[in-house]
Structure formats: C-alpha cells, structure tokens
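These are the residues of each chain, in order.
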Amino acid sequence: MAVPSWTQPAALAALRVMSALMLMQHGVQKLLGEFGGYRGTPGATAELMSRSGVAGVLELVGGFLLAIGLFTRPVAFVLSGLMAFAYFLVHAPNGFWPIMNRGELPALYCFVFLLISAAGPGAASVDGLLQRRRRR
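Bear in mind the structure is a predicted one, so any value in this text is a computation, not a measurement.

J.: Any chance you could explain the packing of helix α1 (residues 7-32) against helix α2 (residues 51-68) here in plain terms?
T.: Between two packed helices, both the angle of their axes relative to each other and the distance between the axes serve to describe the pair. Following both chains from N to C, one finds α1 and α2 inclined at 150°, their axes separated by 7 Å at the closest point. In terms of orientation, α1 lies roughly antiparallel with respect to α2. Crossing geometry of α1 relative to α2 is assigned as left-handed. Contact residues: Arg16, Val17, Ala20, Leu21, Leu23, Met24, His26, Gly27, Val28, Lys30 and Leu31 in α1; Ser52, Gly53, Gly56, Val57, Glu59, Leu60, Gly63, Phe64, Leu66, Ala67 and Ile68 in α2. Partitioned by chemical class, the residues of the contact of α1 with α2 number 13 nonpolar, six polar and three charged.

Below, the structure written as structure tokens:
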C-alpha cells in the first residue's frame, strides 16, 4: 500500500511541535517553578546564570521557536547539543545504560532534535511560510 506523499511532512511537523512542547515544560519547571518546581520543590526555580538556569532558558525559548518552526534547523541543532550535554554531564556518571541512569529522555530528545535539524521543520512552520513568501 502506498503512503500518501503529504504524510511525511505532516508527521515531521507533529514530531517537531510535540517534542518542543514537551521540552518547554522542563524550561517552565526550571524557570517558573511550575509542574512541581525545580528539583521537585513546588515553586522553586533554578538560578538564571547556573547550568540549570541556562538549560531552562534554552528549553523554554528554544522549545517555543521549535514549536512554531522558526529558525528550526539551528535551534534543533542547539537543543540536540543541550540534550547530549545533559546526558553526559548529569546521567552518564550514574552508569552506562540509559535505563539505569535515568537518561533515556535526554538521549531520545538528542536524536529527535538531531533528526529535525537535518530534515527541517516539516509542514506548518514559520520557516516554511517565510520561504514561500521569498519565492513570490
């Protein structure tokens, strides 16, 4: 059975938007103290100039840009690096296997964002809208 040609850009866009929205929750948690707060303390926030604070800014702002599809490729590449950084600095010291060191989420995010960086935004993105306007 042939898959309709529109499904790949639509699926890529859905992956981009949903992964970005889920990542943004981590930024909201670190910067605004919502969703249980920073490190599980309700209302607690990370210091802005700490590693966690900078990660929170990248998660929130980068997640927003990725969700709307603006500067998709460079933002996704930076977020992929952020997730690799998170994995190797926070999780890998606790053991080799991601399932054992609780690092499966940043490892998965790293490769999802790397795919988005390589493939582009998919359908329904600000980048796509700007590109169509430039062609006119």
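J.: Mind showing me how you'd approach the environment of Ala92 here?
T.: Counting through the fold element by element, Ala92 comes out in the loop between α3 (72-91) and α4 (98-101). Residue Ala92 is classed as partly exposed on the basis of its relative accessible area, which comes to 26%. When the C-alpha atoms of Ala92 and Arg102 are compared, they prove to be 8.9 Å apart, with ten residues separating the residues in sequence. Beyond its immediate stretch of four places on either side in the chain, Ala92 contacts Tyr87 and Asn101.

J.: What exactly am I supposed to notice about the nonpolar core here?
T.: In this structure, Leu23, Leu66, Leu79, Met83, Phe113 and Ile116 are the most contacted members of the largest nonpolar core, which totals 16 residues. Every element with two or more residues in this core is listed here: α1, α2, α3 and α5 (104-119).

J.: Mind showing me how you'd approach the side chain of Glu59 here?
T.: Along the chain, Glu59 falls in helix α2. Residue Glu59 is classed as buried on the basis of its relative accessible area of 5%. Among the polar contacts listed, one links the side chain of Glu59 to the backbone nitrogen of Gly27, at a separation of 3.2 Å.

J.: I keep staring at the layout of surface pockets and nothing clicks. Help me out?
T.: If you roll a probe as big as a water molecule over the atoms, it shows you where there is empty space left. Estimates place the volume of the largest pocket at around 810 Å³. Around the largest pocket, the lining comprises 26 residues; the ones closest to its centre are Lys30, Glu59, Ala86, Val90 and His91. For the lining of the largest pocket, the secondary structure elements donating two or more residues are α1, α2, α3 and α5. If one sorts the elements of the lining of the largest pocket by residue count, α3 sits on top with seven residues. Residue composition of the lining of the largest pocket, grouped by class: 14 nonpolar, six polar and six charged.

What counts, and where the lines are drawn
Once a new chain begins, its residue numbering starts again from 1 and follows that chain's sequence as written. In view of the model being predicted, local features appear only for residues whose pLDDT reaches at least 70, and side-chain atom pairs are presented and counted only at 80 or more, with totals across whole chains, interfaces and linings using the full set of residues. Here the side-chain values reflect all heavy atoms present in the structure, with hydrogen atoms and water set aside. Note on geometry: axes are C-alpha line fits, over the in-contact stretch for helices, and angles between N-to-C directions span 0 to 180 degrees. Helical segments are the DSSP runs of H or I of at least four residues, strand segments are the runs of E of at least two, and each set is numbered from the N terminus. Here the angle decides the label: under 35 degrees means roughly parallel, over 145 means roughly antiparallel, 65 to 115 means roughly perpendicular, and every other value means oblique. For any pair of crossing helices, the crossing counts as left-handed if the nearer helix is rotated counterclockwise from the farther one by less than a right angle, and right-handed if it is rotated clockwise. Any two residues having at least one pair of non-hydrogen atoms within 4.5 Å are treated as being in contact. Any residue that is not Ala, Val, Leu, Ile, Met, Phe, Trp, Tyr, Cys, Pro, Asp, Glu, Lys or Arg is counted as polar, Gly included; the first ten are nonpolar and the last four charged. Partly exposed describes any residue whose relative accessible area lies between the buried limit of under 20% and the exposed limit of over 50%, with all areas from a 1.4 Å probe on protein chains only and scaled to the type maximum. Nonpolar core, defined: a set of buried Ala, Val, Leu, Ile, Met, Phe, Trp, Tyr and Cys residues in which side-chain atoms within 4.5 Å join the residues together. Polar contact is the term for a pair of N or O atoms within 3.5 Å; when the atoms are in protein, one must be able to donate a hydrogen and the other to accept it, and sequence-neighboring residues count only if both atoms are side-chain atoms. Both cavities and pockets are sets of points on a 1 Å grid over the protein atoms alone; in a cavity a 1.4 Å probe fits but cannot get out, in a pocket the set is open with protein on both sides within 12 Å along at least five of seven lines, and lining residues sit with an atom within 4 Å of a point. Grid points are joined across faces, edges and corners, and a volume is the space filled by probe spheres set on the points.

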